[in-house]
Amino acid sequence: MHGSGLELALVFLLAAVIAVPVFKRFGLGAVLAYLVAGVALGPDGLALVQDADRILDAAEIGVVMMLFVIGLELSPSRLRVMRKPVFGAGGLQVLLTALALGSVSLLANHHWKTALVVGLGLALSSTAVSLQLLAERKELASEHGRLGFAILLFQDLVAIPLLAAIPLLGGAKNETLTWTMVFQAVGAMAIVIFGGRLLLRQLFRVAARTRMPEVFTASALLVVLGFAWFMQLAGLSAGLGAFLAGVLLSDSEFRHELESQIEPFKGLLLGLFFIAVGMDIDLDRVMAEPQVITAGVLILLAIKFGLLFGIGRWPGRLDPRGALMLAGTLWLGGEFAFVVFSEAVHVGLMESDLRDRLVAIVGLSMALTPLLLLGLQRLLSGIDRPDRPPRAFDDIPDQQQPRVLIAGMGRFGQIVARLMTAQRIPFVALEHSPETVATLRRFGNARIYYGDPTRSDLLRAAGARHVKVFVIAMDDPDTNIKAARLIHRMFPEARVLARARNRQHAWRLMDLSAEPFRETLGSSLEMAQQVLVELGFPPETAAEHARRFREHDEKLLRAQYLVYDDDAAVIQTARDARGDLEKLFEADAGDEAETKKEPGIE
């Protein structure tokens, strides 16, 4: 297909819209749908797209954005605690897998330098496919999910010196230049980490003060792509740059807003990336050498599966089921192998025919993994997992799932938040004013984040699916109604407590199954109670009168709710209630007088 960019976009969108629902319907997952759609669209399928490599290069932005979002979910404290699984399990996996697969390449009569590149290239797993599979199954926070992420993170780190070593192995560059590249890489990471700490929050504070969503979105994309470009310019992985940017912002007040802004771009571009990988699978090569390609795929999966299972058991300390799931998620080849093998051909370490075979093997392993993992998961579904003590990174306070979400941190919401803090109840608070967020964070309130609580993507990013109670405490009644309506639509069974300006506002909230709390009722009753005390009423009697009035008024509120769209009926119920209230207190006064006449009562 040699049409315009618009035609290409339409083809990709149509493929995604058709393939993903069909595959999801049969429980096969979105990743396999994208890969199959890519094979169908590519040069060896319907040939609607010819230049798969160019599309693959552009679609790698989706992987970059995915790593940024993952970085947002990893606080620096959690990352520090995870250093042992990253460098321990991750380093062991790359070393053992490279030795095993490199040995197989040596047995196939390849030079030791070629065998080394083959072993290291195939040792790397697909970050995009593996993390997407974990996310689809909601297993990123599981034991094998966390260990899998640690291994993938080390693979991303080791890919950098691997690329630097390929020219050296090919004799194209000398060792001095390699040391220069190392110092350049360390300097780039230092600039990103220290410069990012100083500048990123200031940038987003300025963008937030404009109160223009498109400016904040542009700022988020600028940071992600800018950090990725800078790290790539320094000879490092673009994904590593985006990941570091996410980690630096993981404990900032803009964390959830950034995640909600990037998520739509990430999803679309990641889908395009999988389609491009599918288009890059050389079916002609597979058909020409079916035995060789099949044997290569089986050897790759078998060796990586066995080694990953062993690493999952030790040093990963997973139970057998978790170790099997880890192995079934990471046994595939990785997209970075395409880059490694192409660079090896460029410096003369590998022939083009061998590169084509290896790319076909990696591509098929990526396409088969979602299907094989589905079968493995069904095979293990009946096996109960044993209880085990938590790990060091399982119980870090700033990663607790919120039980309460407070929308609005004005004078009303702050009181609720202070009580939650005193009781050590995990909550998350959303506030659309950047000035209020900055002020409260200066006082040590790290659970407040910038963002508009009336947006569904922000609620999802803030972990609303885990919330048991929603507190709507914003100043503007219309904004409160909008938030209550959204929560009622997204979480119809959720418990919603909402601040109400007056009776009319309370009735509108009750329409949305929210329980209203009139903002002046409590303080007004406290003042009225004190007035009675000042006039000579005993404090207990004044408190009882206030309590009886509140009960009566709550009954009236619900009675008027049934007719609140009829002004005449509302007025009549108010008149009737006033008379009932007077009679109620007259009866109370009579009872008190009779009580005082009884013997022994003063």
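Structural data are supplied above this passage.
Note that this is a predicted model, so its numbers are computed, not measured.

**Q** How should the overall build of the protein be read in this particular structure?
**A** Regarding its fold elements, the protein presents 25 helices and six strands. Looking at the protein as a whole, 49% of its 602 residues qualify as buried. A fraction of 74% describes how many contacts in the protein between residues 6 or more apart in sequence connect residues 24 or more apart. Approximately 29500 Å² of the protein is accessible, and the part contributed by carbon and sulfur atoms is 62%.

**Q** What should I look at first to understand a nonpolar patch on the surface in this one?
**A** A cluster of nonpolar residues, Leu14, Ile18, Val22 and Phe26, forms a patch on the protein surface that exposes about 410 Å² of accessible area. Tracing the backbone through its elements, the reader meets Leu14 in helix α1 (residues 5-25).

**Q** Please explain the pairing of strand β1 (residues 404-407) as it appears in this structure.
**A** Every other side chain in a regular strand lies on the same face of the sheet, so the side chains alternate between the two faces. Side chains Val404 and Ile406 project from β1 onto one buried face, and the interleaved Leu405 and Ala407 project onto a second face that is buried too. Two strands pair when backbone bridges link them, and β1 and strand β2 (residues 427-431) are joined in this way by four bridges, in the parallel orientation. From the neighbouring strand, Leu405 faces β2, where its bridge partner is Val428. Running through helix α18 (residues 411-422), the crossover from β1 to the neighbouring parallel element β2 is right-handed. The pairing of β1 with strand β4 (residues 469-472) spans four bridges and is classified as parallel. Considered in β4, the bridge of Ile406 is made with Val471.

**Q** Explain helix α11 (residues 238-248) here, please?
**A** Owing to its 3.6 residues per turn, the α-helix brings residues three or four apart onto one side. Within α11, eleven of the eleven residues are buried, which leaves it mostly tucked inside the rest of the structure. Residues of α11 that are buried include every one of Ala238, Gly239, Leu240, Gly241, Ala242, Phe243, Leu244, Ala245, Gly246, Val247 and Leu248, and no others.

**Q** What am I meant to see in the sheet that holds strand β6 (residues 515-518) here?
**A** Think of a sheet as strands paired side by side through backbone hydrogen bonds, with each pair either parallel or antiparallel. Across the sheet, which stays open at both edges, the six strands sit in the order β3-β2-β1-β4-β5-β6 with parallel pairing between neighbours. The open sheet has two edge strands with one neighbour each: β3 (448-450) and β6. Looking at each pair of strands side by side, their axes are set apart by 20 degrees on average, direction ignored.

**Q** How do you make sense of a positive patch on the surface when you look at a structure like this?
**A** On the surface, a cluster of positive charge is made up of Arg80, Arg83, Lys84, Arg197 and Arg317. Along the chain, the position of Arg197 falls in helix α9 (residues 175-209).

**Q** What exactly am I supposed to notice about the environment of Val471 here?
**A** With respect to the helices, strands and loops of the structure, Val471 is situated in strand β4. Note: C-alpha distance between Val471 and Ala429 (42 residues apart in sequence) is 9.3 Å.

**Q** Looking at this model, I keep getting lost on the pattern of salt bridges. Mind explaining?
**A** Oppositely charged side chains can pair when the atoms bearing their charge come close. Inspection of every chain in the model, using the stated rule, returns 24 salt bridges. A salt bridge links Asp251 to Arg201, with the shortest nitrogen-to-oxygen separation between them at 3.1 Å. Of this pair, Asp251 sits in the loop between α11 and α12 (255-280) while Arg201 sits in helix α9, and the two are 50 residues apart along the sequence. Since its relative accessible area comes to 35%, Asp251 is described here as partly exposed. By relative accessible area, Arg201 is classed as partly exposed at 25%. A salt bridge links Glu551 to Arg547; the nearest nitrogen and oxygen atoms lie 2.4 Å apart. Of this pair, Glu551 and Arg547 both sit in helix α24 (residues 539-561), separated by four residues, roughly a single helical turn. What emerges from the salt-bridge pattern is a single network uniting Arg285, Glu289, Asp353, Arg355, Asp356 and Arg357.

**Q** Before we go on, may I ask you to explain the packing of helix α6 (residues 112-123) against helix α16 (residues 336-346) in this structure?
**A** When two helices pack together, you describe them by how their axes are tilted relative to each other and by the distance separating the axes. Where α6 contacts α16, the two axes come as close as 9 Å, and the packing angle between them is 165 degrees. Regarding the angle of α6 to α16, the classification is roughly antiparallel. The crossing of α6 and α16 is right-handed. Each of Val117, Val118, Gly121 and Leu122 in α6 lies in contact with α16, whose residues at this interface are Ala337, Val340, Phe341 and Ala344. Looking at the contact of α6 with α16, its residues break down into seven nonpolar, one polar and no charged.

**Q** What exactly am I supposed to notice about the side chain of Glu253 here?
**A** Turning to its location among the elements, Glu253 is positioned in the loop between α11 and α12. Its relative accessible area of 1% is what places Glu253 among the buried residues. Within the local environment of Glu253, its side chain forms a polar contact with the side chain of Arg205, the two groups lying 3.1 Å apart. Residues contacting Glu253, with those up to four places away along its chain left out, are Arg201, Arg205, Val437, Arg441, Ile448, Tyr449 and Tyr450.

**Q** Could you clarify how one ought to interpret the packing of helix α10 (residues 213-233) against α11 in this entry?
**A** Packing of α10 against α11 leaves a shortest axis separation of 7 Å and a crossing angle of 130 degrees. Accordingly, the angle class assigned to the pair α10 and α11 is oblique. Here α10 runs over α11; the crossing is right-handed. On the side of α10, the interface is formed by Val223, Val224, Phe227, Ala228, Met231 and Gln232, while α11 contributes Ala238, Leu240, Gly241, Ala242, Leu244, Ala245 and Leu248. Broken down by class, the residue content of the contact of α10 with α11 amounts to eleven nonpolar, two polar and no charged.

**Q** Whenever I open this one, the packing of aromatic side chains confuses me. Can you help?
**A** Aromatic ring pairs are reported here in terms of the distance separating the ring centres and the angle at which the planes meet. For the structure on display, the rule yields eleven aromatic pairs. Centroid distance Phe204 to Phe254: 6.0 Å. Interplanar angle 40 degrees. Geometry classified as tilted. One end of the pair, Phe204, is in helix α9; the other, Phe254, is in the loop between α11 and α12, with 50 residues separating them in the sequence. Phe254 carries the same exposure label as Phe204, and that label is buried. Arranged with centres 6.0 Å apart and planes meeting at 45 degrees, the rings of Phe216 and Phe254 form a pair that is tilted. Remark: Phe254 occurs in the loop between α11 and α12 and Phe216 occurs in helix α10; sequence separation between them is 38 residues. Accessibility expressed as a relative area gives 2% for Phe216, which makes it buried. By relative accessible area, which is 1% here, Phe254 ends up buried.

**Q** Before we go on, may I ask you to explain the environment of Glu214 in this structure?
**A** Structurally, Glu214 can be placed in helix α10. Residue classification places Glu214 among the partly exposed positions, given a relative accessible area of 47%. Distance in space between the C-alpha atoms of Glu214 and Gln261 is 9.7 Å, their sequence separation being 47 residues.

Calculation criteria
Residues numbered from 1 in each chain as written. Predicted model: local features only at pLDDT ≥ 70, side-chain atom pairs only at ≥ 80, totals over all residues. Heavy atoms only, no water. Helix = DSSP H or I, 4+ residues; strand = E, 2+ residues; numbered from the N terminus. Buried < 20%, exposed > 50% of the residue type's maximum accessible area, 1.4 Å probe, protein only. Contact = heavy atoms within 4.5 Å. Areas by Shrake-Rupley, 256 points an atom, 1.4 Å probe, with all protein chains shown as cover. Patch = residues over 30% accessible without salt bridge, like charges linked within 9 Å, V, L, I, M, F, W, Y side chains within 5 Å. Salt bridge = Lys/Arg side-chain N within 4 Å of Asp/Glu carboxyl O. Pairing = 2+ DSSP bridges. Right-handed = clockwise from strand over helix to strand, strands pointing away. Axes fitted to C-alpha atoms, helices over the stretch in contact; angles between N-to-C directions. Lys, Arg positive; Asp, Glu negative; His and termini not counted. Charge placed at Lys NZ, Arg CZ, Asp CG, Glu CD. Parallel < 35°, antiparallel > 145°, perpendicular 65-115°, else oblique. Left-handed = near helix turned anticlockwise from the far one by under 90°. Nonpolar A, V, L, I, M, F, W, Y, C, P; charged D, E, K, R; others polar. Polar contact = N/O pair within 3.5 Å; in protein donor to acceptor, adjacent residues only side chain to side chain. Phe/Tyr/Trp six-rings, centres within 6.5 Å; stacked < 30°, edge-to-face > 60°.

Worth remembering: the numbers are spatial, not functional.
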